[in-house]
Amino acid sequence: DQQVKQNSPSLSVQEGRISILNCDYTNSMFDYFLWYKKYPAEGPTFLISISSIKDKNEDGRFTVFLNKSAKHLSLHIVPSQPGDSAVYFCAARFTGRRALTFGSGTRLQVQP
Amino acid sequence: DTGVSQDPRHKITKRGQNVTFRCDPISEHNRLYWYRQTLGQGPEFLTYFQNEAQLEKSRLLSDRFSAERPKGSFSTLEIQRTEQGDSAMYLCASSSLPRRVDTEAFFGQGTRLTVV
C-alpha cells in the first residue's frame, strides 16, 4: 500500500508562472515531510522540508504547505524557471525514524 | 569531491549470480542509507546505518540482501542469487556530522543493476 501518493505523474507550466505539486499521505503518524528534486542521471537532491507542527515553510521561490487534517502537502514554485524542470518527489518520515517513504514523483516541465 | 560516491555506476549480471555495490559517503557523515528505485517509482528504503550500527532495516531487505558498514565509513550492499526482480537503481545517501546540526540525506548517483 502506498502511504505517500503523488497522483499527478506530470505537470507542464509556462516560465514565470506558478507550479503547484501535490502530495497526499495516509499515515497520520508521519511527522516530517520533505521534497526532493531529481535531474536525469543524478541522485535526488533535497529541496525543502516541513515539520508537522508547522503549516508553511518558505525558502526563496519554494514554499511547502501542509494541511494535516486533509493529510495533504503541496510545493509551490514561484516564479517557475526552465531549470526547475525535473522530477519532484514528496517524502515523509516517522518520529524517531530515519527511513523516508517516498511518493512516485511528478515530472515538472517548465516551458520557456 | 565531497559528494556521495557509488561504485560501479552500472552492473549487468546473470540471474543467480552475486553482486556487491560500494558506497562512499560524504566525509565524516555518520549516517548512511540504502534505497532502491524502480522505473516510475520513488526510492524505497532498504536500510540505515549510524556509524557502523545497522539501526533500521526494511522488510524489502530479504535474506538475499546484506549490507555492512564495518568501520563506520564506506558501506557495501550485497545481493546473493540475483533475480530479475532485483533489477533497479540502488541509491546510497548520507547525512549528519557528529555533534552538529542534523542534515537531510544527500544522495549519490546510484548503481543501476540489470539482471538478465
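Structural data are supplied above this passage.
Since this is a predicted model, take the numbers as computed values, not measurements.

Rules used throughout
- Residues numbered from 1 in each chain as written.
- Chains lettered and ligands numbered in written order.
- Predicted model: local features only at pLDDT ≥ 70, side-chain atom pairs only at ≥ 80, totals over all residues.
- Heavy atoms only, no water.
- Disulfide = S-S within 2.5 Å.
- Helix = DSSP H or I, 4+ residues; strand = E, 2+ residues; numbered from the N terminus.
- Buried < 20%, exposed > 50% of the residue type's maximum accessible area, 1.4 Å probe, protein only.
- Phe/Tyr/Trp six-rings, centres within 6.5 Å; stacked < 30°, edge-to-face > 60°.
- Patch = residues over 30% accessible without salt bridge, like charges linked within 9 Å, V, L, I, M, F, W, Y side chains within 5 Å.
- Areas by Shrake-Rupley, 256 points an atom, 1.4 Å probe, with all protein chains shown as cover.
- Salt bridge = Lys/Arg side-chain N within 4 Å of Asp/Glu carboxyl O.

> What am I meant to see in the state of the cysteines here?
Between two cysteines, a covalent bond joining their sulfur atoms is known as a disulfide. Residues and elements named next belong to chain A. By the definition in use, this model includes two disulfides over all chains. Shown here is the disulfide that connects C23 with C90, its sulfur atoms set 2.0 Å apart. A torsion of -65 degrees about the S-S bond marks the disulfide between C23 and C90 as left-handed. One end of the pair, C23, is in strand β3 (residues 19–25); the other, C90, is in strand β9 (residues 86–94), with 67 residues separating them in the sequence. In this structure, C23 and C90 share a single accessibility class: buried.

> Just to check I follow, could you spell out the packing of aromatic side chains for this structure?
Two numbers describe a pair of aromatic rings. These are the distance of the centres and the angle of the planes. For the structure shown, the criterion picks out 14 aromatic pairs over all chains. Aromatic pair Y36 of chain A and F102 of chain A: ring centres 5.7 Å apart, planes at 55 degrees, arrangement tilted. Within this pair, whereas Y36 of chain A is found in strand β4 (residues 30–38), its partner F102 of chain A is found in strand β10 (residues 101–102), the two being separated by 66 residues in sequence. The pair formed by Y36 of chain A and F102 of chain A is uniform in burial state, with each residue classed as buried. Both rings, one in F102 of chain A and one in F107 of chain B, keep their centres 6.2 Å apart while their planes meet at 75 degrees; by these two values the pair is edge-to-face. Placement of the pair is F102 of chain A in strand β10 and F107 of chain B in strand β10 (residues 106–107), with the two residues belonging to separate chains. Classification of F102 of chain A as buried rests on a relative accessible area of 7%. Residue classification places F107 of chain B among the buried positions, given a relative accessible area of 10%.

> Would you mind showing me how to read unusual backbone geometry here?
Negative phi values dominate among residues other than glycine, just as trans dominates among peptide bonds. A cis amide bond links V78 of chain A with the next residue in sequence, P79 of chain A, at an omega value of -15 degrees. Mapped onto the elements of the fold, P79 of chain A is located in the loop between β8 (72–77) and β9. In this model, N51 of chain B sits at a positive phi of 55 degrees, which is unusual for a non-glycine residue. With phi around 50 degrees, R81 of chain B is a residue other than glycine that occupies positive phi space. With respect to the helices and strands, the residue R81 of chain B is situated in the loop between β8 (75–79) and β9 (88–95). Given a relative accessible area of 45%, R81 of chain B falls into the partly exposed group.

> Can you walk me through a nonpolar patch on the surface in this structure?
Residues and elements named next belong to chain A. On the surface, a nonpolar cluster with roughly 230 Å² of combined accessible area is contributed by I18, I20 and V78. The topology assignment puts I18 in the loop between β2 (10–14) and β3. On the basis of relative accessibility, which here comes to 41%, the residue I18 falls in the partly exposed class.

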